[in-house]
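# Results of the structural survey
So you can see what is in the structure, the chains are spelled out below.
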Amino acid sequence: QRSGVDIVVFPLQPVFTEDEPVKPSLYEPFLIGDNRELFCALADRDKGVIELVCDKMFRRELFDGLRFPVGVRSEDTFLIPSLIARARSALVVGEMLYFYRQRAGSTMHTRGDTMVDERMAAHEEIVRVAREQYPEALEKAKAVTYFIHIRCMNSILDCPNFREHPCWERHI
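Residues numbered from 1 in each chain as written. Predicted model: local features only at pLDDT ≥ 70, side-chain atom pairs only at ≥ 80, totals over all residues. Heavy atoms only, no water.

### Brief notes about the packing of helix α1 (residues 35-44) against helix α3 (residues 115-133)
Where α1 meets α3, the closest approach of the two axes is 11 Å, and the angle between their N-to-C directions is 145°. Of the two possible hands of crossing, α1 and α3 adopt the one that is left-handed. Between α1 and α3, the contacting residues are R36, F39, L42 and A43 on the first element and I126, V129, A130 and Q133 on the second. The residue inventory of the contact of α1 with α3, partitioned by class, reads six nonpolar, one polar and one charged. (Axes fitted to C-alpha atoms, helices over the stretch in contact; angles between N-to-C directions. Helix = DSSP H or I, 4+ residues; strand = E, 2+ residues; numbered from the N terminus. Left-handed = near helix turned anticlockwise from the far one by under 90°. Contact = heavy atoms within 4.5 Å. Nonpolar A, V, L, I, M, F, W, Y, C, P; charged D, E, K, R; others polar.)

Dropping the structure here:
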């Protein structure tokens, strides 16, 4: 409330072991004081703004009338473009405040029938919002989406039985 910003962004630190995470400070906090600059930062994954919600705190009013889609993975990526489109400003802090423990077999690290399709569709939502409201961010949003598509395709191909993956023919 005191800062007056709609979103506070803090760096996400993936943790791959059971060890206690190290909490580095990466940079001095800074303000993104313009809605267009904020969406462009999301579209380009720039200034520490990525398509997750777990590394952010939001002013409650941004969620009015919005809900996370039910029953899909990457549900935060579906919603984040709409939240950022409603925000006027963000404070990006340089201190790691969220540690995301990565475990083999977790929901986000297992291939399912729809995981790749859902992740790609979620990133297409960023492109859709850019196309409709932020044309200056469209090419950057497309580039990041293509990058995510390539990562998803690599994930499929990393599987020794990739031809058994339900969506491989749609994407390869």
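### Looking at the side chain of D55
The topology assignment puts D55 in the loop between α1 and β4 (56-58). Residue class for D55 comes out buried when judged on its relative accessible area of 1%. Polar side-chain contacts of D55 include one of 2.7 Å to the side chain of K56. (Buried < 20%, exposed > 50% of the residue type's maximum accessible area, 1.4 Å probe, protein only. Polar contact = N/O pair within 3.5 Å; in protein donor to acceptor, adjacent residues only side chain to side chain.)

### Thoughts on the side chain of T77
Structurally, T77 is set in helix α2 (residues 75-86). Given the relative accessible area of 3%, T77 is considered buried. Those residues within four positions of T77 in sequence are excluded, and the remaining contacts are E51, A122, H123 and I126.

### Observations regarding α3
With 19 residues, α3 extends 28 Å between its outermost C-alpha atoms, agreeing within 8% with the 27 Å of an ideal straight helix rising 1.5 Å per residue. When we look at burial in α3, the residues that qualify are M115, V116, E118, M120, A122, H123, E125, I126, V127, V129 and A130. (Expected span 1.5 Å × (residues − 1).)

### Examining the sheet that holds β4
If you walk across this open sheet you meet the four strands as β3-β5-β1-β4, and the pairing is mixed. In this open sheet, the two edge strands, each paired with only one partner strand, are β3 (30-32) and β4. Between one strand axis and the next, the sheet turns through 20° on average, direction left out of account. Where strand β1 (residues 7-9) lies against strand β5 (residues 90-92), three bridges are found, and the strand directions are parallel. If you follow V9 over to β5, its bridge partner there is V92. (Pairing = 2+ DSSP bridges.)

### Re the packing of aromatic side chains
The tally for this structure, following the rule as stated, stands at three aromatic pairs. With centroids separated by 5.5 Å and ring planes inclined at 85°, the aromatic side chains of F58 and F63 adopt a geometry described as edge-to-face. A connected cluster of aromatic rings, assembled from ring pairs, spans F58, F63 and F68. (Phe/Tyr/Trp six-rings, centres within 6.5 Å; stacked < 30°, edge-to-face > 60°.)

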